[in-house]
Amino acid sequence: MLRQVADGVLVHESEFLKSNTVVVHGGSGVLLIDPGVLSDELVCLATDLREPVVAGFSTHPHWDHLLWHVGLGEPPRYGTARCAALIQAKLSEPDWQAGVVGMIPEDIAGQVPVDEVFGRLTGLPAETVRIPWNGPAVRIIEHQGHAAGHAALLIEEGGVLVAGDMLSDVLVPMLAFSAADPIEDYFAALQLIEDAAGDAEVVVPGHGSVGGDLRVRIDQDRAYLEALRDGRAPDDPRIGPSAKRGYEWVAGVHDWQSNQVTQRRESAETS
Ligand SMILES: [Zn+2]
């Protein structure tokens, strides 16, 4: 079911991890951001859209943001140049499907279409400011906080920030520990978002509830990162007894991240 969150902007929330697909109405069709996640949801989306899909966009190269369905047509599907390069490298491996399926939670793996249209992105050159399409201006805010090649999108008219996997009300920041300085990258990403889109009226996270509380979410993510950096237990509603039902496991993600930070610090000190 598609729900309007701003003029010409609709959102579909998946059963999987409150994943949000965003539909933006343009002059000759729609822009589709991060379609997903389950096969029946993609079929439903293809049926519900009365206008053609004229462009797609994947916010980052994680499996749940790279899905597609033939019923959505064959428009150009964009990502940042870095995002597209990463997924193209993956797709060139002979056993890429098994590798991707291995990342999907077992209970839903059979319902996720890892097929011939999975991840077929066109990279937009790094200097691209807006998505090339016939519709409202959509600014690309690229950063490496959650994943290399990640982009948040700002639908300038109406002030809607499509955050990708940032600024969630159910998930704490999940860092890209393959990076040299993941915490610094994440702080930088939040700063970029605040500078470019701090006044956005609506925030659509990759996973979680659509909100009108962008600045509160930025502050909450910063506070989490500061605690993670300083080795303190975060006072964060997304972990502990106040976590939303079904999201109790997020505390385990925090523990894992906290261990990663400690290990990195220790190995830096001994080297
Ligand atoms: Zn992700």
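Residues numbered from 1 in each chain as written. Predicted model: local features only at pLDDT ≥ 70, side-chain atom pairs only at ≥ 80, totals over all residues. Heavy atoms only, no water.

J.: Can you help me understand the sheet that holds strand E7 (residues 122-124) in this one?
T.: The pairing of strands in a sheet comes from backbone hydrogen bonds and takes either a parallel or an antiparallel form. The strand order E1-E2-E3-E4-E5-E6-E7 describes an open sheet built from 7 strands, whose pairing is mixed. Where the open sheet ends on each side, the last strands, each with one partner, are strand E1 (2-6) and E7. For this sheet, the mean inter-axis angle between neighbouring strands, taken without regard to orientation, is 30°. Across 3 bridges, strand E6 (residues 77-80) lies against E7 in parallel orientation. The residue bridging Gly79 from the neighbouring strand is Gly123, located in E7. Strands in contact with helix H2 (residues 81-91) are E6 and E7; relative to E6, the strand with the most contacts, it is inclined by about 105°. (Pairing = 2+ DSSP bridges. Helix = DSSP H or I, 4+ residues; strand = E, 2+ residues; numbered from the N terminus. Axes fitted to C-alpha atoms, helices over the stretch in contact; angles between N-to-C directions. Contact = heavy atoms within 4.5 Å.)

J.: Whenever I open this one, unusual backbone geometry confuses me. Can you help?
T.: Outside of glycine, negative phi angles account for most residues, and trans bonds account for most peptide bonds. The amide bond that connects Gly36 to the next residue, Val37, takes the cis arrangement and shows omega of -5°. Summarising the element assignment, Val37 is placed in the loop between strand E4 (30-33) and helix H1 (39-48). Here the phi dihedral of Leu17 falls at roughly 55°; this positive angle occurs in a residue that is not glycine. Mapping Leu17 onto the fold places it in the loop between strand E2 (9-13) and strand E3 (20-25). Residue Leu17 is classed as buried on the basis of its relative accessible area, which comes to 19%. (Buried < 20%, exposed > 50% of the residue type's maximum accessible area, 1.4 Å probe, protein only.)

So, to be careful, I would describe these as geometric facts and stop short of saying anything about function.
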